[in-house]
Every structure is written in C-alpha cells, then in structure tokens.
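Structural overview
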Amino acid sequence: MPALQTTALTKTFGERKRFSPLGRRTQSDGVLAVDDLDLTVDDGEVFGFLGPNGAGKSTTINMLLGFIHPTSGSAEVLGHDVTENSTALRSRLGLLPEGFDLYENLTGREHVQSAIETKGADDDPDAIIDRVGLDPEDARRAAGGYSKGMAQRLALGIALVGEPDLLLLDEPSSGLDPKGIKLLRTIVREEADRGATVFFSSHALGQVQKVCDRVGIMADGEMVAVDAIDDLREQLGTGAVVEATVADVPDLDPLRALDAVREVSVADDVVRITCDAPETKMTALRRLDDATTVNDVAIEDASLEALFEEYTSQEAATADAEPAVVPATGGDD
Ligand SMILES: Nc1ncnc2c1ncn2[C@@H]1O[C@H](COP(=O)(O)OP(=O)(O)OP(=O)(O)O)[C@@H](O)[C@H]1O
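Residues numbered from 1 in each chain as written. Predicted model: local features only at pLDDT ≥ 70, side-chain atom pairs only at ≥ 80, totals over all residues.

With 89% of its residues at a pLDDT of 70 or more, the chain shows a mean pLDDT of 86. Within the model, pLDDT remains below 50 along residues 319–333, and this stretch shows 29 contacts once partners closer than five positions in the same chain are excluded. Reported confidence for the predicted complex is 0.98 by ipTM and 0.78 by pTM. (pLDDT = per-residue confidence, 0-100. Contact = placed C-beta atoms within 7 Å.)

Right, here's the structure in full:
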C-alpha cells in the first residue's frame, strides 16, 4: 500500500455563482490551484514536493491533511480517504502545516506534552525538545514569545510525537537558521531510517537534493516532473560536466564519439566534457586519462536548482498560452 496516493485531485478556489443587483446569476472565474493531480508516494520514501510560489503545493498538502476538501478527484493517506476525517489516521500522522498556530500562553514543553497525550504516545517531551534543538529554558517559556525559528522547531517536535508512519511537512525549514536546517535534514533521514515516509514541500533546494529519494515539481497546479534527481537530470539531458586539466591535449574525437557525450571543448589545458547522462562522466574521464595525464578534475552534476529552473520555465512558457484560470460552472443564464 502506498503511503499516499492522489487520483485526479483537483481544487478550484472561488468558483462561485454571483448575483447581480437585479438577481441575475453572473459569470465568476475560479483559480485552479491543483489540476488533476495523480501522485503516488511509496511507503518509506522521502519525497520532496517542489514548485514556485503559487504552484499549488500548500493546497495539495491541505487536501492531504483533510483541512480543505477537493473540488473533484480523491486522495488516500495511509489507506484512508482524506475526506473521512479518521481519528485512527490522525494518530499515525505527523503534521506540520503552513501557518500553524501555537497557543500563546502554553509553554513549548506543554505543547509537546499535550500532543503526546492527544496521540496517546509515550514519548519523553524533553527528548523531543532536545531533538529539535529547542533550548530547555525556551521550552519553559510561553510560546507566544517565540521567534519564528523557535516556533518552527517546536512545530516540528510536535509533528514527531508518536513515531508517525507518515510525516507531512509544509515548508519545514521556514524560519530555521543554517544549524536548524542541517538538524532538520538529520531528523528527516532518521525518520526515514526507522521506516517512516516523509513528504515535505520546500524551497530550500540544496537541502532537498541532499535528503530526498524522489522529488515532484509542481507548476501552475500540475505536476510537471516526478522522479529521482538523477533520473530528472537524464530526462532533461542536463547530465553532468567534467572539467579536466590535462598535461597535453590529445585527439578528442574518440571522446566525442562516446555515447551520451554531448560536447567536448578545450580552453588552454582544460578539457570540458558535457555528458547527457551523469553515469557517462567516469567513462569519459577514464578515456581521457588513457590518452593523456589528467592533473586535476572538477565534476559538476546539474543542481536541483538548475533542473527546477528548467522544468518550471518550460511550464511557464506553456502556461503563458493557457492560463490556469477556469471558467465558473453554471455561468450566465
Ligand atoms: N484560500 C484560497 N482562496 C483563493 N485562492 C487560493 C486560496 N489558497 C490558495 N489559493 C490560490 O491557489 C494557488 C496555489 O496556491 P498554494 O498556496 O497552494 O501555492 P504554493 O505552491 O503552496 O505556493 P507558496 O510556495 O507561495 O507557498 C495560488 O494561485 C493561490 O493564490
């Protein structure tokens, strides 16, 4: 059973019939925030959910959390329909929603304690507070006075209560300092290692690249790419670039003849090889080393940021021609 699965999941906001002062129904457009989304995330995966501002990530997560209802389509989380509002499901989830609220007068520790009681878990609140790097002194203060980063650490701690089977995290690195971001990465990995599925949205692409098994990139309500980062590189042909500093520049034609070598160029004593597939870079490097002495080498795989740019700009070009606004149903009489 997949940890989560959506089928043609769709959400349109503001698709309402309006009435003119004369009582006539008038046309009203809605915003198509999530458009026919089919997505499966397997048990035990760390899945990074990416997309530019307004792509539909939070709307999707809020539907998965059962906070908003889909306009059409369906979603299952841990085998439960998200519209069921099942308490059995809630106790198996770790949630960090966007724009969560804390109780101003409760301390951080009391928040964690309360989450432990609600879930019927047996965690040690101090261990959770320590795990998310919240200072024990701060944990005894009212959360109303917390900085953004402290509140975020606390919210993450609350999500971790009860060893959830699935962590659904909306921008978990929001407001965290670099140490906090590193800690978050460690926690995500630890959670995956104990068998949990982690599904999180993020704009921190460098972090996503380090921790995710697969990523999905959304743009204008649609999933434009879903795969492991290496496979996305291969699909786009962004591959990898090898820059080798050589003793003498040899005949480069045998390199150019290699499958998946897109381009070979030379500047002084540096041979630059652009490979379509990341795995070709070592073959190309060995071939070059057979023909001359390689004194230094730099290898650069296309970053997730470059892939993100590539996928979302392709989508932007399509979206220019076809805006993600749908006409209201039952418009003018
Ligand atoms: N409650 C709402 N009412 C009307 N429109 C909404 C509502 N919530 C979201 N939208 C619209 O739906 C689209 C998707 O928004 P969403 O918040 O899901 O994007 P996102 O990918 O999470 O963006 P960000 O990275 O900025 O958080 C946007 O056009 C947004 O304006």
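Picking up after the structure, the text goes on.
Let's shift gears to the environment of Leu32. The topology assignment puts Leu32 in strand E4 (residues 30–41). Residue classification places Leu32 among the buried positions, given that 21 C-beta atoms sit within 10 Å. It is 36 Å that separates the C-alpha atoms of Leu32 and Glu190, two residues lying 158 residues apart in sequence. (Helix = DSSP H or I, 4+ residues; strand = E, 2+ residues; numbered from the N terminus. Buried ≥ 20, exposed ≤ 12 C-beta atoms within 10 Å, placed from the backbone.)

A separate point is the environment of Ala159. For Ala159, the location among the structural elements is in helix H6 (residues 148–160). The residues touching Ala159, leaving out its near neighbours within four places in the chain, are Gly94, Leu95, Leu96, Leu167 and Leu169.

On to helix H7 (residues 178–193). For H7, spanning 16 residues, the distance from its first C-alpha to its last is 23 Å, which sits close to the expected 22 Å at 1.5 Å a residue. Of all the residues in H7, the buried ones are Gly180, Leu184, Ile187, Val188 and Glu191. Burial along H7 is one-sided: seen end-on, the buried residues are contained in an arc of 100°. Turned more than 90 degrees off the buried face of H7, the exposed positions are Pro178, Lys179, Thr186, Glu190 and Asp193. Each element contacted by the buried residues of H7 is listed here: strand E5 (46–50), helix H4 (125–131), H6, strand E9 (166–170), strand E10 (197–201) and helix H8 (205–211). (Expected span 1.5 Å × (residues − 1). Arc of directions from axis to C-beta.)

As far as domains go, the chain holds domain 1 (4–92 + 164–233) and domain 2 (239–301). Taking only C-alpha atoms, the centre of domain 1 and the centre of domain 2 are 40 Å apart. (Domains from an automatic or database assignment.)

The buried count for strand E11 (residues 214–219) comes to five of six residues, which makes it a mostly enclosed element. With four bridges connecting them, E5 and E11 associate as parallel partners. Along E11, the bridge assignment pairs Phe47 with Arg214. Here five bridges tie E11 to strand E12 (residues 222–227), and the two strands are oriented antiparallel to one another. Each bridged residue has a counterpart across the sheet, and for Gly216 the counterpart in E12 is Val226. Between the antiparallel neighbours E11 and E12 lie two residues, among them Asp220 with a positive phi of about 50°. (Pairing = 2+ DSSP bridges.)

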